[in-house]
Each structure stands twice: as C-alpha cells, then as structure tokens.
Amino acid sequence: SLTSSSSISVVDSLVSSGKLSDRRELWRVSQPSTYCLKIESFRKLATSPNAEKYESRPFPSGGYNWTLLVYPKGNVKDGAPSDWVSMYVQIDNSTIINTPKEVYAEVKFFIYNRKEDKFFTYQETDAKRFFLFKPYWGYGNVRSYGDVANPDAGWLFDGDSVLFGVDIFVTEVFNKWEVFSFTKSLHNRLIEWTIPNFSKLDQLFYLSEIFVIRDRSWALKMYPRGDGEGQGNSLSLYVVAVDAKRYEKKYLKAKLRIVNQKGSNDFEKKVESWSDRANSWGFQKFVLFADLKDTSKGLLVDDTLKIEVEFDDFSNTEYFPS
C-alpha cells in the first residue's frame, strides 16, 4: 500500500470507454480545490434499497456547471464492478447546449484517509473530453467497497463518514498560433535603389523606401561613412526586415550588390544566415572607399550610386491573430 506523500503508482485501469487509461494514484496533503462531498452515513447509503448513486448539487468550474457522482456499490450500468466504489463528474448540458462544443478538463478525484490524514488522489495524464452526447467521465473502480467500509482502513471517520472530493481544471482550446515557412517561389525579387549626390551625404545612415516581397516589408540601409569596423574606410550596407517582431528569428538568402555602371562586373556579396537582433543582414565592410572611388570599377559614376538586392529565399512567420 502507499503510505507516504511521495508515493506514486501508475495503474492501467478499465474505464467506461473500454480502453486502458493511464491513471496516477498518489497521496496528497492539500485539500481538493473545486468541490467536496461528505457522506456521513456511507455504509447505510450503500446498503439501502435502490441506492444506486449520490449526486451532488451543481457547482461551477471553468465557466461550466458540474456535478459529482458517487456510486457506493459501483456504476454497474457502465460496466463497473458491483463491489467497487465509482466516482464520476458530469457537465451540465445546459451550459453547452446553446453553443454545442467540446470541453476538455483535467480531473482529479479524492478520498480522505483519517489514518494518513491525507487525500488519496486519482488522476489521468491527459485532459478528458466532455460534450453533449457524452457529458460525464470517471472511474468505475476507484476503490473496493470492502476496503472503504473497513473501519481499520482509515477511509471511515466520525463513525460512518467518507469524504470525497474533485478538482476540475478546464483546459482552453488554443486560439493563438503561428506558422513558420520558407518561400516557395519569388517574383519581382530584384530591388534597385539609386542614390545621387553621394559625396554630399551627411547623415549617419540612409534608408531606402520600404518595399514588399511576398507580404514582407523590407528596406535597404546604407552607411555612407561606414558602420562599426567599416567606419572611416568602407561603405556599410544592410537589408532590413522592417516589420519583423522583436522576438522573431528570420532567415534570409540574398545578394547585395553595387551596380557597375560602366560594365558587367557588379560588386556583389551574398548573405545567407539567420537575423541578428536588429533583423538585418549585411556587411560593415561592404566595399572599401578606395574601390568605390576607383573610376575604373564603375561603381560611383557622376556621384551616383546604384544599389541592388536580389532575394533568393527567406523565412516567414505568420501569427494568428496578428
């Protein structure tokens, strides 16, 4: 027998559905938090004529009304042994009939033992389903009647009293979720940004107009005097996911380039990684000022810079609700 508060057993027990249930049995010091039922004449109730069950008054839990049912000699109609105590909870159909739906609840049953001064607890590992055509759930074989009715076993106290209890925690069906995916095909994947009067730019950085690729908003970010390790020696260039959430981690595969306005040899660098905290991808040292100003390379012509980003693939996370 279980005699300490740390004792737990797992019992494969038959329930009304005929399937095995993964039932946990353990001692608990704390009292039931949802409802208690004290039957002061338990043995008299069990042996009285036509005493099939005792049903409690309705009580609320999780926005629904419930009743606790105790069968002193077993719920025989549901296939329970006639010499075992059965316990069930039943949801009040009137609370779900106007908007028919399923209700899932985690249920724990309790019987108090005076010798241990603890509650013996029966619980499942999964929430149970209650709906209009099956509004009840419970155990047909909670404990044998002979054990409960035995004064030496500790289930009886104050003469012929037995204390039953139940905890019901209604689990809400999720209504918030997210979908993560990669792009399957991209159209209009090339974005161009023309920057005139490059030598006259005096701000720390510049952002292109926001553009949309596959329902995601992006922008190019350029530091004309360099950023970080590129400050004073290189042009810094990034592509930014401007609508990314603070907690969102994004993947991008793309090509950043400065167009060669005199030939076909564009200056290009590839990015392929997950985003940083700023949800940006790029290079502090994208192109050295020496190469940028080298007229033979055709990157800066008539003080005009032409930047492109070509998207190959990126991830997307949709949030519901948005």
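What counts as what
- All chains use their own residue numbering, which begins from 1 and follows the written sequence.
- Residue-level local features of this predicted model are given only where pLDDT is at least 70; pairs of side-chain atoms are given and counted only at 80 or more, and the full residue set underlies all totals for whole chains, interfaces and linings.
- Heavy atoms from the whole structure form the basis of all side-chain values; hydrogens and water molecules are not counted.
- Put simply, DSSP marks the helices as runs of H or I at least four residues long and the strands as runs of E at least two long, and each gets a number from the N terminus on.
- The atom set for the radius of gyration is the C-alpha atoms, and the globule formula is 2.2 Å times the number of residues raised to the power 0.38.
- Here, two residues are considered to be in contact whenever any of their heavy atoms come within 4.5 Å of each other.
- Here the Shrake-Rupley method, with its probe set to 1.4 Å, supplies the accessible areas, and only the displayed protein chains count as covering residues.
- Charged residues are defined here as Lys and Arg on the positive side and Asp and Glu on the negative side; His and the ends of the chain fall outside this count.
- For the purpose of locating charges, the reference atoms are NZ of Lys, CZ of Arg, CG of Asp and CD of Glu.
- Pairing of aromatic rings covers Phe, Tyr and the six-membered ring of Trp, with a centre-to-centre limit of 6.5 Å; geometry is then stacked below 30 degrees between planes, edge-to-face above 60, and tilted otherwise.
- Only protein chains enter the accessibility calculation, which uses a 1.4 Å probe; a residue is then buried when its area is under 20% of its type maximum, exposed when over 50%, and partly exposed in between.
- Only when the NZ of Lys or the CZ of Arg is both within 6 Å of the ring centre and within 35 degrees of the ring normal is a charge said to sit over the ring.

The name given to the chain in an unreviewed UniProt entry is MATH domain-containing protein, with Capsella rubella as the source organism.

### Considerations on the overall build of the chain
When helices and strands are tallied, the chain shows three helices and 23 strands. Taking 2.2 N^0.38 as the reference for a compact globule, 322 residues should give roughly 20 Å; the C-alpha atoms of the chain span a radius of gyration of 35 Å, well beyond that estimate. Counting only C-alpha atoms, the chain reaches 105 × 45 × 30 Å along its principal axes. Contacts in the chain between residues far apart in sequence, at least 24 positions, make up 65% of those at least 6 positions apart. About 17,600 Å² of surface is accessible on the chain, with carbon and sulfur atoms providing 48% of the total. With 43 positive and 43 negative side-chain charges, the chain shows a separation of 1 Å between the mean positions of the two kinds.

### Comments concerning the packing of aromatic side chains
For any pair of aromatic rings, the description consists of the separation of the ring centres together with the inter-plane angle of the planes. Applying the stated criterion to the full structure yields 32 aromatic pairs. Ring geometry for Trp-137 against Tyr-139: centres 5.0 Å apart, planes inclined by 65°, an arrangement best described as edge-to-face. We note that Trp-137, like Tyr-139, is buried. Judged by centre distance (5.5 Å) and plane angle (80°), the ring pair of Phe-182 and Tyr-251 falls under edge-to-face. Of this pair, Phe-182 sits in strand E13 (residues 177-182) while Tyr-251 sits in strand E19 (residues 251-258); the two residues are 69 residues apart in sequence, bridging distant segments of the chain. Three or more aromatic residues link up through ring pairs in this structure, and these residues are Phe-211, Trp-218, Trp-281, Phe-311 and Phe-314. Positioned above the aromatic ring of Tyr-139, the side-chain terminus of Arg-23 is 4.6 Å from the ring centre. Taking NZ or CZ as reference, Lys-293 lies 5.6 Å from the ring centre of Phe-289, over its face.

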